[in-house]
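# A closer look at the structure
What follows is the residue order along each chain.
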Amino acid sequence: VIQETTALGVAFFAGLQAGEFKSLNEIKEVLTQMGLHLGMEIPTWPPENIEELAKRLEYRKFPTNTLIVRQDDQPHHIFFIKSGRLKVLRKVEFRIPSNSRDAGNSEFLTADPTDAEFDDHMVESKLLEVDELTNGDSFADYASLLKEPITYSIMTVIPCEVFACHISDFMI
């Protein structure tokens, strides 16, 4: 994975000095526009919490076709998209029916493949695009907060800029 990553805090302020960000207010504005809802509304999120979170964000820039998060990994960051377009991908395993009876049986087709079916090459993997994310969206929030493997992969469609917050920094 090719990525340009800056260190927390130091790089943020270096970015401010270099004119990469207009100000801390620009980052706070991105976070505020998103509502920081992370799948749930937090209408009473105090402005000082948004400012504290903004100070802890890590700026990252990714080129086209970069895998940012891989399905089944446990992410340690919540990502907020500043600019760009990303695909949400999910790898799904399908059972291959060996006869016409199984091909018409919805229970067979929707059941999880067995180890024996994998061994006998009776399973086909497909990578499905299930969603697309863009400016103001966030990802890896639930998996990070719940400390569980993520159920999808994220790949850039065009160059993207994101703010990443390590889960330990999010719990302010």
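This structure is a prediction, so every number in the text was calculated from the model and none was measured.

### Some points on the nonpolar core
Within the largest apolar cluster, 17 residues are counted, with the highest numbers of intra-cluster contacts made by I68, V69, F79, L86, L133, F139 and I154. For this core, the elements supplying multiple residues, two or more each, are β3 (67–69), β4 (77–83), β5 (85–95) and β9 (160–166). If you tally residues by element for this core, the top one is β9, at three residues. Leave out the neighbours within four places in its chain, and L133 touches I81, G84, R85, L86, V88, S138, F139 and I154. L53, Y59, I78 and I167 belong to the second-largest nonpolar core, a separate cluster that totals eight residues.

### Some remarks on unusual backbone geometry
With a phi angle near 60 degrees, N65 is a residue other than glycine that sits in the positive phi range. For N65, the position within the fold is in the loop between β2 (58–62) and β3. Even without a glycine there, the phi angle at A140 is positive, about 70 degrees. Mapped onto the secondary structure, A140 falls in the loop between β7 (138–139) and α7 (141–146). Taking the relative accessible area as the measure of exposure, A140 reaches 1% and is therefore buried.

### A closer look at the confidence of the model for the chain
Per-residue confidence for the chain gives a mean pLDDT of 78; residues scoring 70 or more make up 69%. Per-residue pLDDT stays below 50 along residues 1–22; that stretch engages in 38 contacts with residues further than four places along the chain or on separate chains. Note on residues 36–41: pLDDT is under 50 here. Beyond four places in sequence and across chains, it has 14 contacts.

### Remarks on the environment of E129
Along the chain, the position of E129 falls in strand β6 (residues 123–134). In this structure, the C-alpha to C-alpha distance between E129 and L89, residues 40 residues apart in sequence, is 4.5 Å. Other than its neighbours up to four places away in sequence, E129 contacts K87, V88 and L89.

### Focus on the pairing of strand β8 (residues 153–156)
In the sheet, β3 pairs with β8 via two bridges, with the strands oriented antiparallel. Bridge pairing in β8 links L67 to M155. In the sheet, β5 pairs with β8 via four bridges, with the strands oriented antiparallel. Across the sheet, the residue bridging to L89 is S153, located in β8.

### Concerning the sheet that holds β6
The antiparallel open sheet is built from four strands, whose spatial order is β3-β8-β5-β6. The sheet is open, and its two edges are formed by β3 and β6, each paired on a single side. Geometrically, the sheet is characterised by an average inter-axis angle of 35 degrees between neighbouring strands, direction not taken into account.

### A word on the pairing of β5
Bridging between β5 and β6 involves 11 bridges; their strand directions are antiparallel. Its bridge partner lying in β6, L89 is registered against E129.

### Some points on the environment of F163
Tracing the backbone shows F163 in strand β9. Under the relative-accessibility criterion, F163 is labelled buried at 1%. Sequence spacing of F163 and L57 is 106 residues, and the spatial spacing of their C-alpha atoms is 5.7 Å.

### Section: a nonpolar patch on the surface
A cluster of nonpolar side chains, F94, L128 and V130, forms an exposed patch at the surface whose accessible area comes to about 240 Å². Its location among the elements puts L128 in strand β6. Given the relative accessible area of 34%, L128 is considered partly exposed.

Cut-off values and rules
Residues numbered from 1 in each chain as written. Predicted model: local features only at pLDDT ≥ 70, side-chain atom pairs only at ≥ 80, totals over all residues. Heavy atoms only, no water. Core = buried A, V, L, I, M, F, W, Y, C linked by side-chain atoms within 4.5 Å. Buried < 20%, exposed > 50% of the residue type's maximum accessible area, 1.4 Å probe, protein only. Helix = DSSP H or I, 4+ residues; strand = E, 2+ residues; numbered from the N terminus. Contact = heavy atoms within 4.5 Å. pLDDT = per-residue confidence, 0-100. Pairing = 2+ DSSP bridges. Axes fitted to C-alpha atoms, helices over the stretch in contact; angles between N-to-C directions. Patch = residues over 30% accessible without salt bridge, like charges linked within 9 Å, V, L, I, M, F, W, Y side chains within 5 Å. Areas by Shrake-Rupley, 256 points an atom, 1.4 Å probe, with all protein chains shown as cover. Salt bridge = Lys/Arg side-chain N within 4 Å of Asp/Glu carboxyl O.

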